[in-house]
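So you can see what is in the structure, the chains are spelled out below.
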Amino acid sequence: MGADDKLSNKAEEMKGRAKEALGDATDNEQWQAEGKAERAKGALKEAGEKVKDAFRPNDR
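Observations concerning the packing of helix α1 (residues 3-26) against helix α2 (residues 29-55)
Two quantities define a packed helix pair, namely the angle between the helix axes and the distance between the axes. Interhelical geometry of α1 versus α2 gives an angle of 160° and a closest axis separation of 7 Å. Classified by the angle between their axes, α1 and α2 sit roughly antiparallel to one another. Crossing of α1 against α2: the hand is left-handed. Partitioning the contact of α1 with α2 into residue classes produces three nonpolar, seven polar and 19 charged.

What follows is the structure, given as structure tokens:
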């Protein structure tokens, strides 16, 4: 997994934050829930990438 995947995960997390904020501003519970889910999914993927990086050899 490369930098593109990490960037994609971060973008998904930021998209979730934006959707959640929009849901908070408009009091839309569905957008709030979707935003939280997207944010969590992006953060989980990003954490997985960090774990993979920790176990990779340092000879990159």
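Considerations on α2
Taking 1.5 Å of rise per residue, 27 residues should cover 39 Å, and α2 covers 39 Å from first to last C-alpha, within 8% of that figure. For α2, the set of buried residues is Gln 32, Gly 35, Glu 38, Gly 42, Glu 46, Glu 49 and Asp 53. Against the buried residues of α2 lie α1.

A short note on the environment of Ala 47
In this structure, Ala 47 sits in helix α2. By relative accessible area, Ala 47 is classed as partly exposed at 37%. Sequence separation between Ala 47 and Gly 16 is 31 residues; the distance between their C-alpha atoms is 16 Å.

Rules of the game
Residues numbered from 1 in each chain as written. Predicted model: local features only at pLDDT ≥ 70, side-chain atom pairs only at ≥ 80, totals over all residues. Heavy atoms only, no water. Axes fitted to C-alpha atoms, helices over the stretch in contact; angles between N-to-C directions. Helix = DSSP H or I, 4+ residues; strand = E, 2+ residues; numbered from the N terminus. Parallel < 35°, antiparallel > 145°, perpendicular 65-115°, else oblique. Left-handed = near helix turned anticlockwise from the far one by under 90°. Nonpolar A, V, L, I, M, F, W, Y, C, P; charged D, E, K, R; others polar. Expected span 1.5 Å × (residues − 1). Buried < 20%, exposed > 50% of the residue type's maximum accessible area, 1.4 Å probe, protein only. Contact = heavy atoms within 4.5 Å.

Don't take any of this as a statement about function, it's just geometry.
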